[in-house]
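This is what each chain is made of:
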Amino acid sequence: ADELVESGGGLVQPGGSLRLSCAASGFAFTYYWMYWVRQAPGKGLEWISKINGDGDTTYYSDSVKGRFIMSRDNVKDTVYLQMSNLKPEDTAVYHCAACSGSYCSSKSQYSFWGQGTQVTVSS
């Protein structure tokens, strides 16, 4: 089942912005930490951001810190990733994932995993 569905990806020029959305359904969304994880072409999975259930605590990888902002709306059961000052190295498939805590670091640990949305940063 599609418990997590990402959207908002596309082609953008370096320095541009995009907002990704992840719609959750079929589980108790508010009780889960939500994550954004990306996979660049030919590369492994890279964790970039996570947010707690209440939405008042966020963490970011050094690669995106200061450029990306993660948020969630527990009324809409949706998590967002606002991406600014995009770089070519941000090109990747961006996945949304749900974890029962703040501990998830591999795909097998997540309770739910979205199929991803493609972000391409190129001039």
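Here's what I pulled together on the structure shown here. Source: prediction; values computed, not measured. (Residues numbered from 1 in each chain as written. Predicted model: local features only at pLDDT ≥ 70, side-chain atom pairs only at ≥ 80, totals over all residues. Heavy atoms only, no water.)

Read across the sheet, 4 strands follow the order β1-β3-β8-β7 without closing on themselves; strand pairing throughout is antiparallel. Looking along the sheet, the strands with just one partner apiece sit at the ends: β1 (4-7) and β7 (68-73). Geometrically, the sheet is characterised by an average inter-axis angle of 15° between neighbouring strands, direction not taken into account. As judged from the 6 bridges shared by β7 and strand β8 (residues 78-83), these two strands associate in the antiparallel manner. Note on β8: the bridge partner recorded for F68 is M83. (Pairing = 2+ DSSP bridges. Helix = DSSP H or I, 4+ residues; strand = E, 2+ residues; numbered from the N terminus. Axes fitted to C-alpha atoms, helices over the stretch in contact; angles between N-to-C directions.)

So, on to the state of the cysteines. Using the criterion set out here, one finds 2 disulfides in the structure. One disulfide in the model links C99 with C104; its S-S distance is 2.0 Å. Because the torsion about its S-S bond is 80°, the bridge between C99 and C104 counts as right-handed. Under the relative-accessibility criterion, C104 is labelled buried at 6%. If the cysteines joined by disulfides in the protein chain are listed in sequence order, their pairing comes out as 1-2, 3-4. (Disulfide = S-S within 2.5 Å. Buried < 20%, exposed > 50% of the residue type's maximum accessible area, 1.4 Å probe, protein only.)

A few words now on the pairing of strand β9 (residues 92-99). The buried fraction of β9 amounts to 7 of the 8 residues, a majority that puts the element mostly inside the structure. Inspection of the sheet shows strand β4 (residues 33-39) paired to β9 by 7 bridges, in the antiparallel sense. The partner of W36 across the bridge, within β9, is C96. Relative to strand β10 (residues 112-113), β9 is paired through 2 bridges, and the arrangement is antiparallel. Following the sheet pairing, A98 is matched in β10 by F112.

Moving on, we get to the packing of aromatic side chains. Counted according to the given criterion, the structure contains 7 aromatic pairs. Pairing Y32 with F112 gives two aromatic rings, centres 5.8 Å apart and planes at 65°, and the pair type is edge-to-face. One end of the pair, Y32, is in the loop between β3 (18-24) and β4; the other, F112, is in strand β10, with 80 residues separating them in the sequence. With a relative accessible area of 18%, Y32 lands in the buried category. The aromatic ring of W47 is capped on one face by K50, whose charged end is 5.6 Å from the ring centroid. (Phe/Tyr/Trp six-rings, centres within 6.5 Å; stacked < 30°, edge-to-face > 60°. Lys NZ or Arg CZ within 6 Å of the ring centre and 35° of its normal.)

With that out of the way, let us pick up the side chain of R67. Structurally, R67 can be placed in the loop between β6 (58-60) and β7. A polar side-chain atom of R67 sits 2.9 Å from the main-chain carbonyl oxygen of S63. Within the local environment of R67, its side chain forms a polar contact with the backbone oxygen of N85, the two atoms lying 3.0 Å apart. (Polar contact = N/O pair within 3.5 Å; in protein donor to acceptor, adjacent residues only side chain to side chain.)

Moving on, we come to unusual backbone geometry. The residue D77 is not glycine, and still its phi comes out positive at about 55°. Mapping D77 onto the fold places it in the loop between β7 and β8. Here D77 falls in the partly exposed class, since its relative accessible area comes to 26%. One non-glycine residue, N85, lies in the positive phi region at around 50°. Its place among the elements puts N85 in the loop between β8 and β9. Owing to a relative accessible area of 42%, N85 belongs among the partly exposed residues under this scheme.

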